[in-house]
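# Structural description and commentary
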Number of protein chains: 2
Amino acid sequence: MKNKNLQFAVLATDVVLFTYQNGKLKVCLINVDNDYFKNMKGLPGGLILPNETAEDSVKRHMKDKAGIAIKETYIEQLYSFSKIKRDPRGRVVSVAYLALIPSEKINYKDGVEWVEVKKIPKLAYDHDEIVKIAIERLKSKIRYTNIAYGILPRSFRLTEMQNVYETILGKKLDKRNFRKKIFESGLIEETGKKESEGAYRPAMLYRFKNREVVFMDR
Amino acid sequence: MKNKNLQFAVLATDVVLFTYQNGKLKVCLINVDNDYFKNMKGLPGGLILPNETAEDSVKRHMKDKAGIAIKETYIEQLYSFSKIKRDPRGRVVSVAYLALIPSEKINYKDGVEWVEVKKIPKLAYDHDEIVKIAIERLKSKIRYTNIAYGILPRSFRLTEMQNVYETILGKKLDKRNFRKKIFESGLIEETGKKESEGAYRPAMLYRFKNREVVFMDR
DNA sequence: ACAAAAGTGTTACTCATACACCCATGC
DNA sequence: GCATGGGTGTATGAGTAACACTTTTGT
């Protein structure tokens with residue numbers, strides 16, 4: 001660096017990592033316990049190192065702090081937070097990310113908890129605000145992209161998919177209209193296999209055609 | 001700061017500042033001339049200081065480098081750029097912003113040029129990428145918000161407004177449909193005044209009801 | 001045979017699109 | 001009276017929303 005005195009801020013990342021489990025949308029939270037935030041929860045995250053991009057940093061922290069296998073996750077940059085007092089320990093500017101993971105890919109670790117979105121407690125730092133923005137982004141983006149691939153298993157029943165949409169959007173959807181729209185979108189295809197859930201009629205299993213973001217027409 | 005060796009990156013902001021002038025969408029560019037980028041252009045921007053947020057920083061640089069009166073501008077955060085080599089002089093992470101200004105509020109300064117979007121040359125650093133993302137954001141956001149208030153004068157004719165939309169969206173719109181949609185959106189209201197453009201029938205002048213962002217229904 | 005989830009079509013309504021002529025004014 | 005931009009309505013097609021019953025399977 002040329003000018004030492006320009007270096008003043010710690011640069012960090014935070015991630016709002018969602019999963020869908022037992023019919024509920026959940027967020028990954030870790031324990032926070034320091035002089036300023038006693039026995040609270042917060043988002044996983046940490047510093048950006050000199051030789052990594054913000055995205056590299058998020059992936060590393062997701063792996064280290066939440067035990068997440070990076071390959072399995074959808075990640076997108078959410079927003080950057082730069083309020084001067086957002087971290088009472090010193091000036092920290094944070095680039096926040098939104099990430100999705102199918103629940104069966106989660107590795108559970110001590111100090112890491114998956115909390116239902118509706119039951120998130122008051123969080124440390126400005127993490128409440130970050131989560132709020134992440135939920136809005138997820139809600140709007142699931143409408144016009146295929147990012148649900150990030151939160152559903154590789155192959156899934158359509159009712160499962162509909163449940164994910166209903167939970168994220170926070171409202172019931174009509175089964176026939178949902179299916180029509182999803183089929184017409186061309187985002188998914190049959191796997192050819194069927195799955196029986198307990199004792200009843202087996203359901204066709206589907207998968208996403210693409211595992212990169214696709215925007216729906218318009 | 002607690003830990004000196006955590007401080008490695010320079011934090012900066014860049015702004016993609018749009019205006020609409022003579023039927024053209026233009027971007028504010030400044031001269032860049034250093035060891036790495038000879039006689040080129042780039043976006044206005046600069047460092048974030050220890051006592052300012054990213055948004056404070058953008059506003060300050062817009063004022064200093066481009067002579068823009070802050071009060072008149074619409075500003076939103078665009079995206080953060082953290083590629084390690086994006087600035088060859090050293091590690092700089094930049095929070096980019098999108099801003100809009102009505103052309104009559106521009107103060108012209110030496111070394112600052114307003115370049116038609118279609119004619120933007122190769123820019124210094126990663127500023128091409130930033131501009132591209134800004135244009136996409138502007139295109140999509142003008143469809144479902146009232147942010148056009150940031151680029152139109154306080155009061156304006158409807159054809160003027162339609163021209164702004166056509167230029168940003170890059171396509172012709174139907175006059176009657178445009179008017180219908182705008183009126184139904186409830187975003188604007190009559191000022192009660194009329195304006196004659198040259199020798200012909202005077203047009204009703206309108207203004208935006210709100211000068212903060214409003215999202216259209218749906 | 002029954003319990004449970006899977007699967008399937010039609011109608012009504014709303015919204016977007018396409019399209020052409022008269023109006024008001026200054027010169 | 002003419003040139004110019006301002007202003008207006010209707011018809012068609014597309015997409016969204018509402019709605020209920022039959023099918024398949026395991027027990």
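Residues numbered from 1 in each chain as written. Chains lettered and ligands numbered in written order. Predicted model: local features only at pLDDT ≥ 70, side-chain atom pairs only at ≥ 80, totals over all residues. Heavy atoms only, no water.

### Concerning the overall build of chain A
- Counting secondary structure elements, chain A contains four helices and nine strands.
- When the helices and strands of chain A are read in sequence order from the N terminus, they spell out β-β-β-β-α-β-β-β-α-α-α-β-β.
- With the C-alpha coordinates aligned to their principal axes, the bounding extent of chain A is approximately 65 × 35 × 25 Å.
- Scored against the burial criterion, the 218 residues of chain A give a buried share of 50%.
- A separation of at least 24 residues holds for 64% of the contacts in chain A among residues at least 6 apart in sequence.
- Carbon and sulfur atoms make up 48% of the accessible area of chain A, which totals about 11300 Å².
- Charge centroids of chain A, computed over 42 positive and 28 negative side chains, lie 2 Å from each other. (Helix = DSSP H or I, 4+ residues; strand = E, 2+ residues; numbered from the N terminus. Buried < 20%, exposed > 50% of the residue type's maximum accessible area, 1.4 Å probe, protein only. Contact = heavy atoms within 4.5 Å. Areas by Shrake-Rupley, 256 points an atom, 1.4 Å probe, with all protein chains shown as cover. Lys, Arg positive; Asp, Glu negative; His and termini not counted. Charge placed at Lys NZ, Arg CZ, Asp CG, Glu CD.)

### Side note on the protein's contact with DNA strand C
- Taken together, 19 residues lie around DNA strand C, and Thr-159 and Lys-175 of chain A together with Asn-177, Ala-199 and Arg-201 of chain B are the ones closest in.
- When the atoms of DNA strand C within 4 Å of the protein are grouped by moiety, sugar and phosphate amount to 38% of the total.
- Contact distances for DNA strand C include 3.4 Å between a phosphate oxygen and a side-chain N or O atom of Arg-179 of chain A.
- A distance of 3.1 Å separates a base nitrogen of DNA strand C from a polar atom in the side chain of Asp-174 of chain B.
- Mapped onto the surface near DNA strand C, the elements with two or more residues apiece are α4 (175-185) and β9 (203-208) of chain A together with α4 (175-185) of chain B.
- In the surface near DNA strand C, the residues fall into seven nonpolar, two polar and 10 charged. (Near = heavy atom within 4 Å. Polar contact = N/O pair within 3.5 Å; in protein donor to acceptor, adjacent residues only side chain to side chain. Nonpolar A, V, L, I, M, F, W, Y, C, P; charged D, E, K, R; others polar.)

### Thoughts on the nonpolar core
- By size, the foremost hydrophobic cluster in this structure holds 42 residues, and its most contacted members are Leu-17, Met-62 and Trp-114 of chain A together with Leu-17, Met-62 and Trp-114 of chain B.
- Beyond its immediate stretch of four places on either side in the chain, Leu-17 of chain A contacts Lys-26, Val-27, Cys-28, Met-62, Ile-68, Ala-99, Leu-100, Ile-101 and Trp-114 of chain A. (Core = buried A, V, L, I, M, F, W, Y, C linked by side-chain atoms within 4.5 Å.)

### Things to note about the packing of helix α3 (residues 158-169) of chain B against α4 of chain B
Residues and elements named next belong to chain B.
- Following both chains from N to C, one finds α3 and α4 inclined at 100°, their axes separated by 11 Å at the closest point. Comparing the axis directions of α3 and α4 gives the class roughly perpendicular. For the pair α3 and α4, the contacting residues are Leu-158, Thr-159, Met-161, Gln-162 and Tyr-165 in the first and Lys-175, Phe-178, Arg-179, Ile-182 and Phe-183 in the second.
- Residue composition of the contact of α3 with α4, grouped by class: six nonpolar, two polar and two charged. (Axes fitted to C-alpha atoms, helices over the stretch in contact; angles between N-to-C directions. Parallel < 35°, antiparallel > 145°, perpendicular 65-115°, else oblique.)

### Here's the deal with the protein's contact with DNA strand D
- Neighbouring DNA strand D are 20 residues; Asn-177, Ala-199 and Arg-201 of chain A together with Thr-159 and Lys-175 of chain B lie closest to it.
- Protein-adjacent atoms of DNA strand D, using a 4 Å cutoff, are sugar or phosphate at a proportion of 38%.
- At 2.3 Å, a backbone N or O of Ala-199 of chain A approaches a sugar or linking oxygen of DNA strand D.
- In the model, a base nitrogen of DNA strand D is placed 2.6 Å from a nitrogen or oxygen of the Lys-175 of chain B side chain.
- It is α4 of chain B that contributes the most residues to the surface near DNA strand D, five residues altogether.
- Within the surface near DNA strand D, the residues separate by chemical class into seven nonpolar, three polar and 10 charged.

### Observations concerning the side chain of Thr-13 of chain A
- Summarising the element assignment, Thr-13 of chain A is placed in strand β1 (residues 10-21).
- Not counting residues up to four positions away in its chain, the partners in contact with Thr-13 of chain A are Pro-44, Gly-45, Gly-46, Ile-48, Ala-54, Ser-57, Val-58, His-61, Ser-94, Val-95 and Tyr-97 of chain A.

### Digging into the domain arrangement of chain A
Residues and elements named next belong to chain A.
- Segmentation of chain A into domains returns domain 1 (10-144) and domain 2 (155-208).
- Relative placement of domain 1 and domain 2: their C-alpha centres are 28 Å apart.
- With eight residues of domain 1 at the contact, the number on the domain 2 side is seven residues.
- Here domain 1 packs against domain 2, burying approximately 780 Å² in sum over the two surfaces, 73% of which is carbon and sulfur.
- For domain 1, the biggest contributors to the area lost against domain 2 are Tyr-20, Lys-139 and Ile-142; these three give 65% of the whole.
- The tally of links from domain 1 across to domain 2 stands at zero salt bridges. (Domains from an automatic or database assignment. Buried area = accessible area lost by both parts, 1.4 Å probe. Salt bridge = Lys/Arg side-chain N within 4 Å of Asp/Glu carboxyl O.)

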